[in-house]
Amino acid sequence: MSKADAEPLSDFIRDKVAEDVATGKYDGRVVTRFPPEPNGYLHIGHAKAICLDFGIAEETGGVCHLRFDDTNPEKEDVEYVDSIMEDVRWLGFDWGEHLYYASDYFEKMYECAIKLISDGKAYVCELSVDAFKEYRGVPTRPGKLTPGRDRSVEENLDLFGRMRAGEFEDGRYVLRARIDMDSPNLHMRDPALYRIKHAPHHRTGDTWCLYPTYDFAHGLEDSIERVTHSLCTLEFEVHRPLYDWLLEACEVYRPAQTEFARLNLTYTVMSKRKLLELVEGHYVSGWDDPRMPTLCGLRRRGYTADSIRRFCRGVGITKVESLTDISLLEHHIKDELNRTARRVMAVLDPIKLVIENYPEDQVEELEAINNPEDESAGTRAVPFSRELWIERADFREEANRKFHRLTPGREVRLRYAYFVTCTGVVKDDATGEIIEVHCTYDPATRGGDAPDGRRVRGTIHWVCATKGGEADVRLYDRLFSVERPDTVDEGPASATTRDSAGTSGNFKDNLNPDSLTTVRAKVEPAILAMGAGEHCQFERKGYFFSDPKDSREGAPRFNQVVPLRDSWRKRSS
RNA sequence: UGCCCGAUGGUGUAAUGGUAGCACGACAGCCUCUGGAGCUGUUCGUCUAGGUUCGAGUCCUAGUCGGGCAACCA
């Protein structure tokens, strides 16, 4: 068990579960479930739910089911089923034999519907979608009784049977619960239970042409599986009375639904619909684009399952709708990678450094520490020669005293190598651009220490120009340039408004055009030898991950996980 | 002008009638062969108004603000 699971967690849901166990409710059983609809890839918000559902089961010795809530064939696909299982497993959870599909319960659900009809608690309604809405009314006005509401049980049974038999086209009829058209809760105004959809289902094929709605199906799924604690997000709170009503009316086992706040992160979006839009519109390379908040995207970016679990633990479970700063997520991966990632040297924006007094054809090997936080990681040899690459930003022709790097006349340390003193630059006559930085080195400082005890303020990293290689490196910035991409900017350029259904204006207007930058970096030999899917720290730059998909033998391609804190940039900006 | 839910530093959370704590961030100092990491310190909070109580972030009332609900989506 990882450290992320070390101390016991406590929140209002866990307290409730503990109380139920203590009082013997549900005979002390704890059964939770994670019920994704297979219509998209899992994202970090789902990770919060997964950690809760599976976490509670683990902590209490209970079980957590993985159940696909596949009641709408038009939006669902096996591609999503597979990815969801992969992501849950990757996160570190195991459903054992408890893998279920709502579609496996369709026959039982149908029987429940028959019972409701027989008991006079459901009826077939012929209203069109528009008429349906009109009769339902609005929050501030009561609904009105629908025409088919008092149809006889026999006729309802007959119609419902014919709906199943495929006699009617989509939308011709719908099965509704008979509850209360005057309820202040819209969901209780005779909600739809079944709708006709002549659509093939990814599991049941053409067996069905009518499918249960979420409200009817979900409670029954929980009931059939004898779930004890049905946890979901806040937007389902208003559905709870219906959840309870339906299970009572069906006279079946009744779990309890409890709601918690979903996760929102700054600078990203967390709705499957919007993420799908980014994928289909090619704003990103796919669901697993490292800029995406999807689990596969984060994984490819280089986030570890452990860091995500720690993050979820840190965020906690409440009913307060919040917007979590993404730096909290970043903190957890930095914390882990600082302990575990091997250090290597790469120059992202190279400029040549020529050591004038270093022998022309000499190459020597210097010893570098692989991880100062972990002695067992050992050391490695790094080649060094007369010509090196250093970062363009590590040299300035003119600098103030706060700039501790290379500038004419100043001495700095080349990490693990020598002290060098800048002697000048070589410029392109035409453009005036600096082509080379020149310096001299002090042979007595080999390894990076001065025998006379003199000190330098700065240490810069470097790559041997003759023995080093190159690698593609992707640098990432936030996917969106504003904290809440869903909120439309007040700027005149994007004066879009929200429509009444709550969908946002054009959130894509807030996409950050600079979220991806690819550079060809100069890298030390050890980097070329890295395989796919390995973490490392490019010293003084950040943590990187060799892309699991695009890396090739001898040619790793890197994704920046997260940059190192840069207090110089902060100070000078 | 319906119903439901919520409100603690910049952010996320804890305190279950008894010292408002923790993490992240920010700032300052120390240390450092990564301007990284680490260490030390500082800053900053109970939405408002009444009430109950010896004592209220917590309980009650009213208000304010925020979110959700008007798919035959989940």
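Residues numbered from 1 in each chain as written. Chains lettered and ligands numbered in written order. Predicted model: local features only at pLDDT ≥ 70, side-chain atom pairs only at ≥ 80, totals over all residues. Heavy atoms only, no water.

So, about the pattern of salt bridges. Enumeration according to the criterion identifies 55 salt bridges in this entry. Where Lys319 meets Glu237, a salt bridge forms, and the shortest distance between an N and an O atom there is 2.6 Å. A residue pair is termed long-range when its members are at least 10 positions apart, and Lys319 in the loop between α11 (305-315) and α12 (326-340) and Glu237 in the loop between β8 (229-233) and α8 (240-250) qualify at 82 residues. On the basis of relative accessibility, which here comes to 40%, the residue Lys319 falls in the partly exposed class. Taking the relative accessible area as the measure of exposure, Glu237 reaches 28% and is therefore partly exposed. The network of salt bridges with shared partners includes Asp288, Arg300, Arg474, Asp547, Lys549 and Asp550. (Salt bridge = Lys/Arg side-chain N within 4 Å of Asp/Glu carboxyl O. Helix = DSSP H or I, 4+ residues; strand = E, 2+ residues; numbered from the N terminus. Buried < 20%, exposed > 50% of the residue type's maximum accessible area, 1.4 Å probe, protein only.)

To continue, consider unusual backbone geometry. A negative phi angle is the norm for most residues apart from glycine, just as the trans form is the norm for most peptide bonds. Positive phi, close to 50 degrees, is recorded for Asp190, a residue that is not glycine. Tracing the backbone shows Asp190 in the loop between β5 (174-177) and β6 (192-196). Given the relative accessible area of 0%, Asp190 is considered buried. With phi around 65 degrees, Tyr416 is a residue other than glycine that occupies positive phi space. Inspection of the secondary structure puts Tyr416 in the loop between β16 (411-414) and β17 (419-427). Overall, the relative accessible area of 12% leaves Tyr416 in the buried class.

The next point concerns the packing of helix α4 (residues 106-118) against helix α7 (residues 214-224). Packing of α4 against α7 brings their axes to within 11 Å, and their N-to-C directions diverge by 115 degrees. Between α4 and α7, the angle is such that the two are roughly perpendicular. The handedness of the crossing between α4 and α7 is right-handed. Taken together, the residues of α7 that come into contact with α4 (itself represented by Lys108, Met109, Cys112, Ala113 and Leu116) are Phe216, Ala217, Leu220, Glu221 and Ile224. For the contact of α4 with α7, the per-class residue count stands at eight nonpolar, no polar and two charged. (Axes fitted to C-alpha atoms, helices over the stretch in contact; angles between N-to-C directions. Parallel < 35°, antiparallel > 145°, perpendicular 65-115°, else oblique. Left-handed = near helix turned anticlockwise from the far one by under 90°. Contact = heavy atoms within 4.5 Å. Nonpolar A, V, L, I, M, F, W, Y, C, P; charged D, E, K, R; others polar.)

Before going further, it helps to spend a moment on the pairing of strand β9 (residues 256-260). Taken residue by residue, a regular strand's side chains alternate between the two faces of the sheet. With five of five residues buried, β9 lies mostly within the body of the structure. Across the two faces of β9 the burial is the same, with Ala256, Thr258 and Phe260 and Gln257 and Glu259 all buried. Relative to β9, β8 is paired through five bridges, and the arrangement is parallel. Note on β9: the bridge partner recorded for Leu231 is Thr258. (Pairing = 2+ DSSP bridges.)

So, about the pairing of strand β2 (residues 63-68). Of all the six residues making up β2, five are buried; the element is thus mostly covered by neighbouring parts of the structure. Note that strand β1 (residues 31-34) and β2 share four bridges and pair parallel. Following the sheet pairing, Phe34 is matched in β2 by Leu66. Regarding topology, helix α2 (residues 44-60) serves as the crossover connection from β1 to the parallel β2, and that connection is right-handed. In this structure, β2 lies alongside strand β3 (residues 99-101), joined through three bridges in parallel fashion. Across the sheet, Arg67 pairs through a bridge with Tyr100, a residue of β3. A crossover links β2 with its parallel partner β3, the connecting element being helix α3 (residues 78-91), and its sense is right-handed. (Right-handed = clockwise from strand over helix to strand, strands pointing away.)

Moving on to the protein's contact with RNA strand B. Near RNA strand B, the surroundings consist of 69 residues, among which Asp15, Arg195, Glu321, Arg413 and Gly447 are the closest. Taking the atoms of RNA strand B that fall within 4 Å of the protein, sugar and phosphate contribute 64% of them. For RNA strand B, a sugar or linking oxygen lies 3.2 Å from a polar atom in the side chain of Asn72. In this structure, a base nitrogen belonging to RNA strand B sits 2.8 Å away from a main-chain N or O atom of Gly448. If you list the elements that add at least two residues to the surface near RNA strand B, you get α5 (129-136), β6, α11, α12 and α14 (567-572). Considering only residue class, the surface near RNA strand B consists of 21 nonpolar, 21 polar and 27 charged. (Near = heavy atom within 4 Å. Polar contact = N/O pair within 3.5 Å; in protein donor to acceptor, adjacent residues only side chain to side chain.)

Here we come to the nonpolar core. The biggest cluster of nonpolar side chains holds 47 residues, and the ones touching the most others in it are Ile44, Val88 and Ile308. Looking at which element gives the most residues to this core, the answer is α2, with nine residues. Setting aside residues up to four positions removed in sequence, Ile44 forms contacts with Leu263, Leu265, Met270, Pro293, Leu295, Leu298, Ile308, Phe311 and Leu329. Counting 35 residues, the second-largest nonpolar core is a separate cluster that includes Ala122, Leu220, Tyr243 and Leu246. (Core = buried A, V, L, I, M, F, W, Y, C linked by side-chain atoms within 4.5 Å.)

A word on the packing of aromatic side chains. Inspection of the entire model under this criterion finds 23 aromatic pairs. Plain terms: the ring middles of Tyr418 and Tyr441 are 4.8 Å apart, the flat faces sit at 85 degrees to each other, and that makes the pair edge-to-face. Here Tyr441 lies in strand β18 (residues 434-442) and Tyr418 lies in the loop between β16 and β17, a separation of 23 residues in the sequence. Tyr441 matches Tyr418 in its accessibility class, with the two residues each being buried. Through pairs of rings, three or more aromatic residues link up here, namely Phe106, Tyr110, Phe160, Tyr194, Trp208, Tyr211 and Phe216. Note that Arg172 overlies the ring of Tyr173, its terminal NZ or CZ placed 4.4 Å from the centroid. (Phe/Tyr/Trp six-rings, centres within 6.5 Å; stacked < 30°, edge-to-face > 60°. Lys NZ or Arg CZ within 6 Å of the ring centre and 35° of its normal.)

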